[in-house]
Structures are given as structure tokens and as C-alpha cells.
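Descriptive structure summary
Here are the chains, one letter per residue:
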Amino acid sequence: TDEHRPQLISIDPQTATRHIMRFGFEQIEQADRLRQIIFTSDDAADSLGHLRNQAGLVFIDGLHTEAACLNDFTNYAPLVRPGGALLIHDAEPARYSVLRVLVEHVLPDPRFEIKCLVDGLAVLERRS
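In short, a report on the structure. (Residues numbered from 1 in each chain as written. Predicted model: local features only at pLDDT ≥ 70, side-chain atom pairs only at ≥ 80, totals over all residues. Heavy atoms only, no water.)

Focus on the environment of Phe 39
Examined against the element boundaries, Phe 39 turns out to sit in the loop between strand S2 (34-37) and helix H2 (41-45). In sequence terms Phe 39 and Pro 13 are 26 residues apart; their C-alpha atoms lie 4.9 Å from each other. Those residues in contact with Phe 39 that lie beyond four places of it in its chain are Ile 11, Asp 12, Pro 13 and Ala 44. (Helix = DSSP H or I, 4+ residues; strand = E, 2+ residues; numbered from the N terminus. Contact = heavy atoms within 4.5 Å.)

What follows is the structure, encoded as C-alpha cells:
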């Protein structure tokens, strides 16, 4: 990503994790690329509609309730461009609600193809 230097957007209402993320990006001299949105994922979704079909990577690691997982998928999957990646964290038996959304909603979605599931991280590619 250094060649084209795309913007990196983080949605996180939690102060502690926001500061940790900013610190990490400062350490690798990439803080200028980081845009932090201080809202819940549901509240932030409307402000990112301009990215529809343009994001190269969307990483979902939100609340672990079934409703929240499904909302995140519904709100953010449309942002992934064809050939881009959708990553869903905590898709494992210990987080049954996340795994259930993956199995019942994400995997049957014709826009995406599962590439791998490793240590609870589901990696999907947006079909053309």
C-alpha cells in the first residue's frame, strides 16, 4: 500500500483502542493515512456510502452479537470493490453468533467467495 498510499479508515468508538491504533501508525510513519471515525459502526455507515465498490479491504471486528455482526456485514460488504477482500474476525465456535452470520448470510451471498478460514479469521474475495 505504500505505492498508492490509500487512506485507511478505522471506525471505533472506544478511546483506548483508538489511541493504540494511532500510536501504532505513528511508529511506522503511516499516521497521515489514518482516518479515525469516532462512532459506532451503525452510525458511521451512512458517512461512508461514497466508498461503495471502492474499498480494497474491509476488516470487520465489531460487537459479537448476531444482530451487530449482520448489520456490519450488511452495511460494509457493499464497500468492497470487485477483486477486493472482506475479512471477518472471530468466526469461530467460541463466538457462535459471528460464525452463524458467516454460515447463514455471508457464505451464501453470491458477491463473495470464501478463500480461507484461519484461526477465526474468514477471508473472502469480492467476485467481479
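With respect to the sheet that holds strand S4 (residues 80-88)
If you walk across this open sheet you meet the four strands as S3-S4-S6-S5, and the pairing is mixed. Edge positions in the sheet fall to strand S3 (55-60) and strand S5 (112-118), since each has one partner strand and no second. Within the sheet, the average angular offset between the axes of one strand and its neighbour, ignoring direction, is 15°. Note: S3 against S4, five bridges, orientation parallel. Within S4, the residue paired with Ile 60 across the bridge is Ile 88. Against the sheet, helix H3 (residues 66-76) engages S3, S4 and S5, with an angle of about 175° to S3. (Pairing = 2+ DSSP bridges. Axes fitted to C-alpha atoms, helices over the stretch in contact; angles between N-to-C directions.)

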